Amino acid sequence: MRAADREVAIGLMIETVEGVENVEAIAETPGVDYLFIGTGDLALSRGTSDSGVIDSDCERILRAATANGLPCGIFTGNVRAARQAFERGYRMGVCANDIDLVKDGFLAAREDARRSLPDGCLSF
């Protein structure tokens, strides 16, 4: 991937049932540098967030990537989950998401305002 980074890296996102069902062919596609799993959209496509079902899909994707010499990444949402994913063989991970970062920022600002401003001055 470092060599490809000098030019362009081509990553394919697997985040649908159709993608999982075709992952072996997808991973064999010439020119692909890595696969990445969008777990949230995959769960939506599956119609379930059952961890056993989604984990099975993710393992299938990881196996296909590994069999073709491709690194595989996964959306995890936090550092602890990313560390666990790396231990299972994933090579990339997203450890945060925009919604939680914005929410946490607003919650922190609200708490700071509650501590710092006089009573009755908040309009959250």
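Residues numbered from 1 in each chain as written. Predicted model: local features only at pLDDT ≥ 70, side-chain atom pairs only at ≥ 80, totals over all residues. Heavy atoms only, no water.

### Some thoughts on the overall build of the protein chain
- For the protein chain, the helix and strand inventory stands at 7 helices and 4 strands.
- Traced from its N-terminal end to its C-terminal end, the protein chain shows the element sequence α-β-α-α-β-α-α-β-α-β-α.
- Over its C-alpha trace the protein chain gives a radius of gyration of 19 Å, far above what one expects of a compact globule, namely 14 Å for 124 residues.
- For the protein chain, buried positions account for 30% of its 124 residues.
- Of the contacts made within the protein chain by residues no fewer than 6 positions apart, 49% connect residues no fewer than 24 positions apart.
- For the protein chain, the accessible surface area stands at approximately 8,100 Å², while carbon and sulfur atoms represent 52% of it.
- If you average the places of the 13 positive and of the 20 negative side-chain charges in the protein chain, the two averages end up 6 Å apart. (Helix = DSSP H or I, 4+ residues; strand = E, 2+ residues; numbered from the N terminus. Rg over C-alpha atoms; globule rule 2.2 N^0.38 Å. Buried < 20%, exposed > 50% of the residue type's maximum accessible area, 1.4 Å probe, protein only. Contact = heavy atoms within 4.5 Å. Areas by Shrake-Rupley, 256 points an atom, 1.4 Å probe, with all protein chains shown as cover. Lys, Arg positive; Asp, Glu negative; His and termini not counted. Charge placed at Lys NZ, Arg CZ, Asp CG, Glu CD.)

### Considering the layout of surface pockets
- By volume, the largest pocket amounts to about 270 Å³.
- Lining the largest pocket are 14 residues, and of these Thr39, Asp55, Ile74, Phe75 and Arg88 sit closest to its centre.
- At the level of secondary structure, the elements contributing two or more residues to the lining of the largest pocket comprise α4 (39–46), α5 (51–67), β3 (72–75) and α6 (79–87).
- By residue class, the composition of the lining of the largest pocket is 5 nonpolar, 6 polar and 3 charged. (1 Å grid on protein atoms, 1.4 Å probe; cavity = no way out; pocket = protein on both sides within 12 Å on 5 of 7 lines; lining within 4 Å. Points joined across faces, edges and corners; volume = space filled by probe spheres on them. Nonpolar A, V, L, I, M, F, W, Y, C, P; charged D, E, K, R; others polar.)

### Section: the environment of Ser51
- Position of Ser51 among the secondary structure elements: in helix α5.
- Sequence spacing of Ser51 and Glu87 is 36 residues, and the spatial spacing of their C-alpha atoms is 18 Å.

### A look at the environment of Asn68
- Here Asn68 lies in the loop between α5 and β3.
- Note on Asn68: relative accessible area 32%, which makes it partly exposed.
- Sequence-distant contacts of Asn68, defined by excluding residues within four places in its chain, comprise Glu24, Ala27 and Glu28.

### Brief notes about the sheet that holds strand β2 (residues 34–37)
- Spatially, 4 strands are ordered β1-β2-β3-β4 in an open sheet, and the strand pairing comes out parallel. With one partner strand each, in any of the chains shown, β1 (11–14) and β4 (92–94) form the two edges of the open sheet. With strand direction ignored, the average angle separating the axes of adjacent strands in the sheet is 20°.
- In the sheet, β2 pairs with β3 via 3 bridges, with the strands oriented parallel. Bridged to Phe36 within β3 is Gly73. (Pairing = 2+ DSSP bridges. Axes fitted to C-alpha atoms, helices over the stretch in contact; angles between N-to-C directions.)

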